[in-house]
Number of protein chains: 2
Amino acid sequence: MRDVAKLAGVSHQTVSRVLNEHPNVRQETRARVLEAMESLDYRRNLAARTLVTRQSHTLGIIGFETTLFGPASMLYGIEDAARTAGYLVSIATFRNLERRPVLEAVDRLRQHAVDGIIAIAPKHAVTDALTQAPAGLSCVAVGGAGGGDGVPTVRVDNAGGAQLATRHLLDLGHRTVHHVAGPGDWPEAQERIAGWRETLTAAGAEVPPILPQSWNAETGYVQGQALARDPAVTAIFCANDRIALGVLRALHEAGRKVPEEVSVVGFDDMPDSGYFLPPLTTVRQDFAELGRLSLALLLQHMAGPESPAHVVVTPELVVRASTAAPPKRRSRR
Amino acid sequence: MRDVAKLAGVSHQTVSRVLNEHPNVRQETRARVLEAMESLDYRRNLAARTLVTRQSHTLGIIGFETTLFGPASMLYGIEDAARTAGYLVSIATFRNLERRPVLEAVDRLRQHAVDGIIAIAPKHAVTDALTQAPAGLSCVAVGGAGGGDGVPTVRVDNAGGAQLATRHLLDLGHRTVHHVAGPGDWPEAQERIAGWRETLTAAGAEVPPILPQSWNAETGYVQGQALARDPAVTAIFCANDRIALGVLRALHEAGRKVPEEVSVVGFDDMPDSGYFLPPLTTVRQDFAELGRLSLALLLQHMAGPESPAHVVVTPELVVRASTAAPPKRRSRR
DNA sequence: TTCAGGAGTGTTACCGTTCCCAATCCCGGC
DNA sequence: GCCGGGATTGGGAACGGTAACACTCCTGAA
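Each residue is numbered by its place in its chain's sequence as written, counting from 1. Written order decides the labels, with chains lettered from A and ligands numbered from 1. Confidence filtering applies because this is a predicted model: local features only for residues at pLDDT of at least 70, side-chain atom pairs given and counted only at 80 or more, and all residues used for totals across whole chains, interfaces and linings. The side-chain figures draw on all heavy atoms in the structure; neither hydrogens nor water molecules are used.

An unreviewed UniProt entry lists chain A under the name LacI family transcriptional regulator, from Actinoplanes auranticolor.

A tally of regular secondary structure across chain A gives 12 helices and 11 strands. Taken against the 2.2 N^0.38 rule, which gives 20 Å for 333 residues, the C-alpha radius of gyration of chain A at 26 Å runs more than 25% over that of a compact globule. In terms of principal-axis extent, the alpha carbons of chain A reach across some 90 × 35 × 30 Å. For each residue, the accessible area found with a 1.4 Å probe, counting protein chains only, is set against the maximum for its type, and the residue is called buried under 20%, exposed over 50%, and partly exposed in between. The 333 residues of chain A split such that 56% are buried. Of all intrachain contacts in chain A linking residues separated by at least 6 positions in sequence, the fraction that spans at least 24 positions is 70%. Shrake-Rupley sampling with a 1.4 Å probe provides the accessible areas, and residues are treated as covered by the protein chains on show and by no other component. As displayed, chain A has an accessible area near 14,200 Å², and 49% of this comes from carbon and sulfur atoms. Going along the chain from the N terminus, every DSSP run of H or I of four or more residues is numbered as a helix, and every run of E of two or more is numbered as a strand. Our radius of gyration looks at C-alpha atoms and nothing else; its globule reference is 2.2 Å times the residue count to the power 0.38. Here, two residues are considered to be in contact whenever any of their heavy atoms come within 4.5 Å of each other.

This next bit is on unusual backbone geometry. In the segment running from B:Val258 into B:Pro259, the intervening peptide bond is cis, with an omega of 5°. For the bond from B:Leu277 to B:Pro278, the omega torsion is -10°, close enough to zero to count as cis. Backbone geometry at A:Asp41 places phi at a positive 50°, although glycine is not the residue there. Among the secondary structure elements, A:Asp41 is positioned in the loop between helix H3 (27–40) and helix H4 (46–53).

Take the interface of chain A and chain B next. Taken together, the 51 residues of chain A in the interface contact 51 residues of chain B. Joining two parts hides part of their accessible area as seen by a 1.4 Å probe, and the buried area is that hidden amount summed over both. Across the interface of chain A and chain B, roughly 5,000 Å² is buried in total on both sides, 58% from carbon and sulfur atoms. When the area that chain A buries against chain B is broken down by residue, the three leading residues are A:Tyr76, A:Tyr275 and A:Leu277, summing to 15%. Salt bridges are identified by distance alone: a Lys or Arg side-chain nitrogen within 4 Å of an Asp or Glu carboxyl oxygen. At the boundary of chain A and chain B, one finds 8 salt bridges. B:Asp80 is the salt-bridge partner of A:Arg95, the closest N and O atoms lying 3.2 Å from each other. Counted as a polar contact is a pair of N or O atoms within 3.5 Å, where, for protein atoms, one must be capable of donating a hydrogen and the other of accepting one, and residues adjacent in sequence contribute only when both atoms are in side chains. Our enumeration of links across chain A and chain B arrives at 19 residue pairs in polar contact (both at pLDDT 80 or more).

This part is about the UniProt feature "domain: HTH lacI-type" (unreviewed entry) in chain A. UniProt positions are given in the numbering used here, feature names are shortened, and annotations may be inferred rather than shown by experiment. The UniProt feature table records "domain: HTH lacI-type" (unreviewed entry) at residues 1–53 of chain A. As annotated, residues 1–53 of chain A comprises 70% helix and 0% strand, and the C-alpha atoms at either end are separated by 17 Å.

This part takes up the protein's contact with DNA strand D. Close contacts around DNA strand D come from 28 residues, with A:Thr14, A:Thr29, A:Arg54, B:Met1 and B:Ser16 the closest. Near is defined per residue: the residue qualifies when any heavy atom it owns lies within 4 Å of the molecule or strand. For DNA strand D, the fraction of protein-proximal atoms (within 4 Å) that sit in sugar or phosphate groups is 62%. Separating a phosphate oxygen of DNA strand D from a side-chain N or O atom of B:Ser16 is a distance of 2.5 Å. The contact in question runs from a phosphate oxygen of DNA strand D to an N or O atom on the backbone of B:Asn45, over 3.2 Å. Broken down by secondary-structure element, the contributors of at least two residues to the surface near DNA strand D are helix H2 (12–19) and H4 of chain A together with helix H2 (12–19) and helix H4 (46–53) of chain B. The leading source of residues in the surface near DNA strand D is H4(B), at 5 residues. Across the surface near DNA strand D, the residue classes tally to 9 nonpolar, 13 polar and 6 charged. Gly counts as polar in this scheme, as do all residues outside two lists: the nonpolar Ala, Val, Leu, Ile, Met, Phe, Trp, Tyr, Cys and Pro, and the charged Asp, Glu, Lys and Arg.

So, on to the protein's contact with DNA strand C. Neighbouring residues of DNA strand C: 28 residues in total, closest A:Met1, A:Gln13, A:Ser16, B:Thr29 and B:Arg54. Put simply, 62% of the atoms of DNA strand C that lie within 4 Å of the protein are in sugar or phosphate. In this structure, a phosphate oxygen belonging to DNA strand C sits 2.9 Å away from a side-chain N or O atom of B:Thr14. Take B:Arg54: an N or O atom from its side chain is 2.5 Å from a sugar or linking oxygen of DNA strand C.

Superposition of chain A onto chain B requires a rotation of 180° combined with a translation of 0.1 Å along the rotation axis, giving an RMSD of 0.1 Å. When the rotation and shift are considered jointly, the pair of chain copies conforms to a two-fold rotation axis. If distances are taken from each C-alpha of chain A to the rotation axis, the shortest is found for A:Ser90, at 2.0 Å. A share of 100% of interface residues in chain A that are also interface residues in chain B marks the association as one of identical surfaces. Here the copies are superposed with least squares, the fitted atoms being C-alpha atoms of residues at a pLDDT of at least 70 in both.

A few words on the nonpolar core. Only buried residues count toward a nonpolar core, which is a set of Ala, Val, Leu, Ile, Met, Phe, Trp, Tyr and Cys residues joined through side-chain atoms within 4.5 Å. With 96 residues, the main nonpolar core has A:Ile62, A:Ile236, A:Val264, B:Ile62, B:Ile236 and B:Val264 as its most contacted residues. Those residues within four positions of B:Val264 in sequence are excluded, and the remaining contacts are B:Ile236, B:Cys238, B:Ala244, B:Val247, B:Leu248, B:Leu251, B:Val258, B:Leu280, B:Thr281, B:Ser322 and B:Thr323. One finds A:Ile78, A:Ala81, A:Tyr87 and B:Ala81 within the second-largest nonpolar core, a separate group that totals 44 residues.

Residue and element names in this part refer to chain A. Mapped onto the elements of the fold, threonine 282 is located in strand S9 (residues 281–284). Taking the relative accessible area as the measure of exposure, threonine 282 reaches 0% and is therefore buried. Here the side chain of threonine 282 touches aspartate 241 through a polar contact of 2.7 Å, side chain to side chain. From its side chain, threonine 282 meets the backbone nitrogen of phenylalanine 267 in a polar contact 2.9 Å long. Apart from residues lying up to four places away in sequence, threonine 282 is in contact with Asp241, Val265, Gly266, Phe267, Asp268, Asp269, Glu316, Leu317, Val318 and Arg320.

Here we come to the packing of aromatic side chains. Two descriptors summarise a pair of aromatic rings, namely the distance from one centre to the other and the angle between the planes of the rings. The aromatic pairing rule takes the rings of Phe, Tyr and Trp, using the six-membered ring of Trp, and pairs them if the centres are within 6.5 Å, calling planes under 30 degrees apart stacked, those over 60 edge-to-face and the rest tilted. Applying the stated criterion across every chain yields a total of 12 aromatic pairs over all chains. Seen in terms of ring centroids, A:Phe64 and A:Trp186 are 6.3 Å apart; in terms of plane orientation they differ by 50°. Their pairing is tilted. Taken together, the positions of A:Phe64 in strand S1 (residues 58–64) and A:Trp186 in the loop between strand S6 (178–180) and helix H9 (187–202) put the pair 122 residues apart, joining distant regions of the chain. The exposure class of A:Trp186 is buried, given its relative accessible area of 13%. Considering the side-chain rings of A:Tyr221 and B:Tyr275, the 5.7 Å spacing of their centres and the 65° angle between planes classify their relative orientation as edge-to-face. Placement of the pair is A:Tyr221 in helix H10 (residues 217–229) and B:Tyr275 in the loop between strand S8 (263–268) and strand S9 (281–284), with the two residues belonging to separate chains. Its relative accessible area of 18% is what places B:Tyr275 among the buried residues. Three or more aromatic residues joined by ring pairs form one cluster here, namely A:Phe64, A:Phe94, A:Trp186 and A:Trp215. As a reminder, the over-ring test applies to NZ of lysine and CZ of arginine, requiring each to be within 6 Å of the ring centre and within 35 degrees of the ring normal. Seen from the ring of A:Phe267, A:Arg192 lies directly overhead, with NZ or CZ sitting 3.8 Å from the centre. Lying over the aromatic face of B:Tyr221, B:Arg249 brings its terminal NZ or CZ to 4.1 Å of the ring centre.

This part is about the sheet that holds strand S2 (residues 88–94) of chain B. Spatially, S10(A)-S5(A)-S4(A)-S3(A)-S1(A)-S2(A)-S2(B)-S1(B)-S3(B)-S4(B)-S5(B)-S10(B) is the arrangement adopted by the 12 strands of the open sheet, whose pairing is mixed. Either end of the sheet is taken by a strand with one partner, and the two such strands are strand S10 (310–313) of chain A together with strand S10 (310–313) of chain B. Each strand axis lies, on average, 20° off the axis of its neighbour in the sheet, ignoring direction. Relative to S2(B), strand S1 (residues 58–64) of chain B runs parallel, the two sharing 7 bridges. Counted as the bridge partner of B:Gly60 is B:Ser90 from S2(B). Pairing between two strands requires that DSSP report at least two bridges joining them. Working convention: axes come from line fits to C-alpha atoms, limited for helices to the stretch in contact. Angles between N-to-C directions cover 0 to 180 degrees.

Opposite charge on two side chains lets them pair, provided their charged atoms get close. Enumeration according to the criterion identifies 37 salt bridges over all chains in this entry. Taking the shortest distance from any N to any O, the salt bridge between B:Arg108 and A:Glu79 comes out at 2.9 Å. Of the two residues, B:Arg108 sits in helix H6 (residues 99–111) while A:Glu79 sits in helix H5 (residues 69–84), which places them in two different chains. Pair check on accessibility: B:Arg108 and A:Glu79 agree, each one buried. Taking the shortest distance from any N to any O, the salt bridge between A:Asp171 and A:Arg167 comes out at 3.2 Å. Here A:Asp171 pairs with A:Arg167, and both are found in helix H8 (residues 158–171), just 4 residues apart, close to one helical turn. Since its relative accessible area comes to 35%, A:Arg167 is described here as partly exposed. Taken together, the salt bridges that share partners define one network made up of A:Glu79, A:Asp80, A:Arg83, B:Arg95 and B:Arg108.

Printed below as a string of structure tokens:
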């Protein structure tokens, strides 16, 4: 910077002003400085800037299982938006959903003086940990449970999504809809259960028992085998697409045709759900958009920490080939 | 830091020495300082440290399509290893595989003074761009084409993997093996083609034509439809699992049974490949391990920039239910 | 007893910015 | 022609660490 100042024949302070687009610099001077910067291939030292301004222009993301499509897409969306807003993104993942590891991740990011944090927070433990973050550090939670907590959140209307799926199946003429749920201690799974249950109840349909376990295909496979044995089962709503994949396999192996005999609906709309056997009807979440929104919320919160806002995104039903009317002999009454 | 020094009754320099584990500090003094740090909840200001040492203790990752399982897993592996090595990880993604966007990403990271860069580099353009990175900044490319370039690389033995798959099918008794290739301008796709072709040639089998297109399920579906029409086709090696998913769907819809009539092999071993219909035999890449290795290579290169090393990881065949001997009437001779 | 040398500690300078304040210049109004 | 005030610029002083060097002890050998 000193070199630039010397070359342009001004003080280092003026160079700084040009850099920060301070209004009170004469056009001509500014041009001279810019030229000098150009010819010296100058770039400002962000560490020095951070030292004095206490702003690193870096945002932190803490995430769990970032290897899966959902979290990875959110991260992608966040990074994309952060870039256009002039921020770099640092990540800190944690291996289990306890308070401790989350706080450690926050701490690590804090050490590096991030200006704000977005947590991909599928469980309350994460959001709770966030409320313990030091004051003055803006945090936003995305993707998990909403909450009246002190932390702004962005989330999907899981209950609404589940309702969409259930409604769709009922409208096709199914007497009731079975559900293969996600893990019982995940708010997202709970909300989907709630949405499903309420829709059935409102329609006066019987509410079959559920056995919440996990998010993966194996769960779907195991529970799908049981459901396949029950001839009364004609419609299954799965808590996510991976579970649906397992269910489809179980049904197929049991010789029950989809969608002729049994209809199946998923949740998420993973990249290749449209190529399952058969192509999966599912509830689509736009993860990247979720990421973008959470970044916008974070920036807003950083600018003026008003009362924490909560953004809810509405998912959308994508109808493909895994759902149809129930077989004739079983149609209502 | 000044406060800590005052509380411990020493100079700030001594505090610094304790912080950096300098040997020449008396046990007792060290203890006093540590206690003071504890009671003041002191944490060093990394910006200041970076300013003077020119080391940010931050690593950069540049990545493409980090939303997919492979890249996301590598990122995960890298972050994991980086954490234990005391580094934070920042990411910069780019949207297309040209030189420009890649260089911009590198530049962004450089502005933030990262100590090194790992590029998830599926195409040569990325690796090439890396060689233009400023001297003194260590770079490693992972996951794409290896190269005698000036950049250390970590990659999977794609040809070997393809050979494994092809060999497996030939050993089952298939006359030849068809291939649904990935995009022709991706080195990984090329290597898999080469491995497949060589294996066939070495076995004296006919080499069917290929039509390299893209990595997704749609490609598999479209090409699978054509292959399904040809009764001579009994074995298909797909360039990745997503393609295999599409092929499976096409075969199923054409009424050709897998594996009784046609065998299918994938590549990658995505999380739920074991729940495809039928469970997919595939070639497994350990992406997270790839990430860890690339980090190790980067650290090594940062410590002493010797001649660029190249690490090659051997993939492994996972046999599941999508492969079997060809139907009797078509067995050899 | 003297002195070399290492352990332990403090002093000062500096890393590259931005902030605060003062200085200078220029303009219009009286 | 003098003066108030905004525009423009420059000169330090931070920011919170680390590096280099100097200094004070203390020990052991000559």
